[in-house]
Amino acid sequence: MAISRRSFLRAAALSMGAIGMGATTAAASSVSVLPSTLKDVLQVVVAFPRTDRHRAALANFDDTHAIVDGGAELLLWPGDLARLQATGMPYEVRIADLLAHEAASASTGSASVSTAAVAVPGGVTDYRDLADFHAVFEQLERDTAEHATLNARPFTLPLRSFEGREVKGVEIWMGEEGDGRGIAYFDGCHHAREWPAAEYPALFARWLVDEAFAGNPRVTAMLSGVKVRIVPVINVDGFEYSRSWDGTVLDNSNLGIVAGGQGAYVRKTQRNNPLVTTGVDSPIFYGVDPNRNYAYLWGGTTGSLVNGIDAPIYASTSSNPLDQTYYGTEPFSEPEVANNRDFFLHNNVITYLSNHTSGRLILRPWGHTTAPCPDDALLTEMGAAMSLATETDDLVGYESKIGLGLYPTLGTSNDWAYAATGTLGYAIEHSTSFHPGYFSLHGPGTQWPQVMEMFLRTAEYAADDRCFATLTGTITDAGGAPLAGTITLTKTFTTPFAGLEEYQGTGQLTAMASELEETIELTLEVGPTGAWEWHVNPSTRPIAEIGNAVETYRMTVTTAAGTHTQDVEVARGQALTVDLIRRAPTRPAGPSLDPRAVVLCRRDLYDHGPGQPAGTASCDGGL
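From a predicted model like this one, the values you see are computed outputs, not experimental measurements.

Novice: Could you clarify how one ought to interpret the overall build of the protein chain in this entry?
Specialist: When helices and strands are counted, the protein chain shows 14 helices and 23 strands. Taken over 623 residues, the protein chain has a buried fraction of 56%. A separation threshold of at least 6 residues defines the contact pool for the protein chain, and within that pool the share at least 24 residues apart is 76%. A total accessible area of about 23400 Å² is found for the protein chain, and carbon and sulfur atoms account for 52% of it.

Pasting the structure below:
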């Protein structure tokens, strides 16, 4: 008979020998109830692989993706300790009983919670659920409704999650809405169990509005030049499951990885992954890692990709549905991830923080190579500024380094956003555990002031003209009168995958393409003055720049006078004037030119043609 995933995770385990790593699963009738004497102990250990076999074995455990004292931190489920010991790998137990440790951590400072909570934005006292975040967004909209310039507007991303939930966020800005400013974007909880990763973006939303009302000059200056968008939970299904779970953990002796983590420690989405080889629908195969589901270098494992040299590294990207880092059947297979993709491709996102736990880290591109990215100097500077923001009397600041400095990854959100759109993106690893006590040393209730400063500095960089390209101009008709209109920038390109890889551990190579075609489409509405300014990412993508290629945007201007298109090349930090101005054309006898014709001209403030002084116009034609 059919068994629900929730009841399975609460009360059952697969029988002896039913499944091993990469093996096929038994039918539902092989599920047996756990003995009532099982002790629900989860442990945290640090394993120190010494051989290639040890490194390969790490893929069979639930790693937290934290590197501690040169070892890999693992979350051990009941039964895992014996399996780890059987590998012969050296290890140290760091937390003997995680649930007891977290209960003690949650009570740390409880006597002063009521006092401390006053200082937390919104008076928050504990971790919140999806409905709580949505209520905050609605309250922010009400709070700013009568303000002359401050705006907070909730929004819902177009695609519902696999289980039908809405993915919601809030955007905050001051002044005109469609004035071409860049966006600072903060998302959280790609991984369900990483609760602080949702708390900090939501706290930032409340804090920004409160500080703007209080007249904080840095906040009002930033919000006057940047639009802030916040989505605290990307993986809404997994997060809701993690937050609401109240069952019993399973004996993992015969299971290997269990469903991407169990209960409150589930990592992946809630998608069901039937086995390709048997077609069996088993709850053990739930979940795709949403932060391995982005297109850039999607698919494959990382062992052969570190600097292009085979390296004995345990896989942190996997084709096996059992694994924590299972990348799915194709890029953007998860609607939650496709939502994020569409947001980036249709908005001028300048800076981006994807929030995770744990490790107190600031990770910039790349996750697969030590070769510096084209903007490494700027990203390093930004990372250093964020690190300084997180220093306290008791703690050093978050460590800033390339993503590969933690562990090798492919198909991640910040690497894709940078590679595909040029957005300056980071993965932020908060705290030192998945669920620190809210007012413990590493909890959100304690660390929020430093994290708010980190976020503010990131948003301020979105207004720094070194971080984007500036396009300006004026639309006029042939008589010089200003015109309202719509400007679009489009660009179609291909994003490379990692290469062919075994499909879901079956031994068969995928027949999928090696790249994905993607299209950026940005839109700016220009008012009746005809004047406009637009902060955008460079026209040449970083991965094209590495190959010395040059890419352009296709600019289309549509007004009552007609439509004109032209290619525009612009670099990060460059200011380029692209005017729609009057020009007196000369033509041989023939059909008369429409007197309303619009002509597109360029003034490049940095580069200009031979014999042409900087700042002069070079017109490229009209309708």
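Novice: Looking at this structure, how should I read the nonpolar core?
Specialist: General note: in soluble globular proteins, nonpolar side chains tend to be found buried as a group. Counting 129 residues, the largest nonpolar core has Leu223, Val228, Trp416, Leu471 and Trp532 as its most contacted members. No other element matches helix α7 (residues 196-214), which puts 11 residues into this core. In this structure Trp416 touches Tyr294, Ala295, Tyr296, Phe332, Arg341, Phe344, Leu345, Thr421, Thr495 and Glu518, once residues within four positions along its chain are discounted. Ranked by size, the runner-up nonpolar core spans 10 residues in total, among them Ala47, Leu58, Leu74 and Met89.

Novice: It is not clear to me how the packing of aromatic side chains should be interpreted in this structure. Could you clarify?
Specialist: A ring pair, where both rings are aromatic, is described by two values, the distance of the centres and the angle of the planes. For the structure shown, the criterion picks out 23 aromatic pairs. With 4.5 Å between their ring centres and 50° between their planes, Tyr185 and Phe343 make a pair best called tilted. On the criterion of sequence distance, the pair formed by Tyr185 in strand β9 (residues 182-188) and Phe343 in helix α10 (residues 335-345) is long-range, its members being 158 residues apart. Judged by its relative accessible area of 1%, Tyr185 is buried. Residues Trp298 and Tyr327 carry aromatic rings whose centres are separated by 4.8 Å and whose planes lie at 65° to one another, so their mutual orientation is edge-to-face. One end of the pair, Trp298, is in the loop between α9 (236-244) and α10; the other, Tyr327, is in the loop between α9 and α10, and 29 residues separate them in sequence. Looking at Trp298, the relative accessible area reads 5%, which means it is buried. A network of ring pairs unites the aromatic residues Tyr185, Tyr294, Phe332, Phe343, Phe344, Tyr352 and Trp416 as a single cluster. Cation over ring: Lys227 sits above Trp173, and NZ or CZ is 4.4 Å from the ring centre.

Novice: Before we go on, may I ask you to explain the confidence of the model for the protein chain in this structure?
Specialist: Interpretation of this model should avoid reading the predicted coordinates in detail wherever pLDDT is low. Mean pLDDT over the protein chain stands at 80; residues scoring 70 or higher make up 74%. This stretch, residues 501-511, has a pLDDT under 50; its non-local contacts, to residues over four places away or in other chains, come to 29 contacts.

Novice: Explanation requested: the pairing of strand β16 (residues 485-496) in the structure shown.
Specialist: One face of the sheet, then the other: side chains in a regular strand alternate in exactly this way. Bridge analysis of β16 against strand β17 (residues 515-526) gives 12 bridges, and the strand direction is antiparallel. Bridge pairing links Ile487 to Leu524 in β17. As paired strands, β16 and strand β19 (residues 553-559) are joined by 6 bridges and run antiparallel to one another. Within the sheet, the bridge partner assigned to Ile487 lies in β19 and is Val557.

Novice: Please clarify how the sheet that holds strand β20 (residues 562-568) should be interpreted in this entry.
Specialist: Across a sheet, paired strands are connected by hydrogen bonds in the backbone, their directions being either parallel or antiparallel. Taking strand neighbours across the sheet as the criterion, the 4 strands line up as β17-β16-β19-β20 in an open arrangement whose pairing is antiparallel. Only two strands of the sheet have a single neighbouring strand rather than two, namely β17 and β20. Put simply, the sheet's adjacent strands are angled 20° from each other on average, direction ignored. Of the strands in this sheet, β16 and β17 are in contact with α10, which crosses β17 at around 50°. Most of the contacts of helix α12 (residues 413-421) go to β17, to which it runs at about 70°, and overall it touches β16 and β17.

Novice: Please clarify how the pattern of salt bridges should be interpreted in this entry.
Specialist: For side chains bearing opposite charge, pairing can occur when the charged atoms are close. By the definition in use, this model includes 32 salt bridges. The shortest N-O distance in the salt bridge between Arg341 and Asp342 comes to 2.8 Å. Accessibility expressed as a relative area gives 22% for Arg341, which makes it partly exposed. For Asp342, a relative accessible area of 23% translates into the label partly exposed. For Glu551, the salt bridge is made with Lys491, and the minimal N-O distance between the two is 3.5 Å.

Novice: Just to check I follow, could you spell out the sheet that holds strand β10 (residues 226-231) for this structure?
Specialist: In spatial order, the strands read β7-β8-β10-β9-β11-β14-β12-β13; together these 8 strands make up an open sheet with mixed pairing. The sheet terminates laterally at β7 (150-156) and β13 (399-402), the two strands that pair on one side only. On average, each strand axis in the sheet is tilted by 20° relative to the strand beside it, whichever way the strands run. Along the sheet, helix α8 (residues 217-225) makes contact with β7, β8 (168-174), β9 and β10, crossing β10 at roughly 95°. Helix-sheet contacts for helix α13 (residues 444-461) involve β9, β10, β11 (349-357), β12 (361-364) and β14 (424-430), and the interaxial angle to β11 is about 155°.

Novice: Where do I start with α7 in this structure?
Specialist: Because each turn of an α-helix spans 3.6 residues, side chains separated by three or four positions in sequence point in the same direction. Taking 1.5 Å per residue, 19 residues should reach 27 Å; α7 reaches 26 Å between its end C-alpha atoms and fits that length. The buried count for α7 comes to 15 of 19 residues, which makes it a mostly enclosed element. Remark: Gly215 follows α7 within two positions and exhibits a positive phi of approximately 85°.

Thresholds, definitions, all that
Every chain is numbered on its own, with residues counted from 1 as its sequence reads. Per-residue local features are limited, in this predicted model, to residues with pLDDT of at least 70; the limit for side-chain atom pairs, both in listing and counting, is 80 or more; totals at the level of whole chains, interfaces and linings are taken over all residues. Processing note: side-chain calculations cover all non-hydrogen atoms of the structure and skip hydrogens and water entirely. Under the DSSP-based scheme used, a helix requires at least four consecutive residues in state H or I and a strand at least two consecutive residues in state E, with every element numbered from the N terminus. Remark: exposure states derive from per-residue accessible area (1.4 Å probe, protein chains only) relative to the maximum for the residue type, with buried under 20%, exposed over 50%, and partly exposed in between. We call two residues in contact when some of their heavy atoms are within 4.5 Å. Computed by Shrake-Rupley with a 1.4 Å probe, the accessible areas treat only the displayed protein chains as cover when residues are assessed. In these notes, a set of buried Ala, Val, Leu, Ile, Met, Phe, Trp, Tyr and Cys residues joined through side-chain atoms within 4.5 Å is what counts as a nonpolar core. Between the rings of Phe, Tyr and Trp (Trp by its six-membered ring), a pair exists once the centres lie within 6.5 Å; its type follows the angle of the planes, with under 30 degrees stacked, over 60 edge-to-face, and the other angles tilted. Distance and angle both matter: a charge sits over a ring if NZ of Lys or CZ of Arg is within 6 Å of the ring centre and within 35 degrees of the ring normal. pLDDT: the predictor's confidence for each residue, scored from 0 to 100. Note on pairing: DSSP must find at least two bridges between two strands before they are called paired. Lines are fitted to the C-alpha atoms to define the axes, a helix being fitted only along its stretch in contact, and any angle between axes, read from their N-to-C directions, falls within 0 to 180 degrees. Salt-bridge detection follows one rule: a side-chain nitrogen of Lys or Arg within 4 Å of a carboxyl oxygen of Asp or Glu. Every helix has an expected span of 1.5 Å times one less than the residues it contains.

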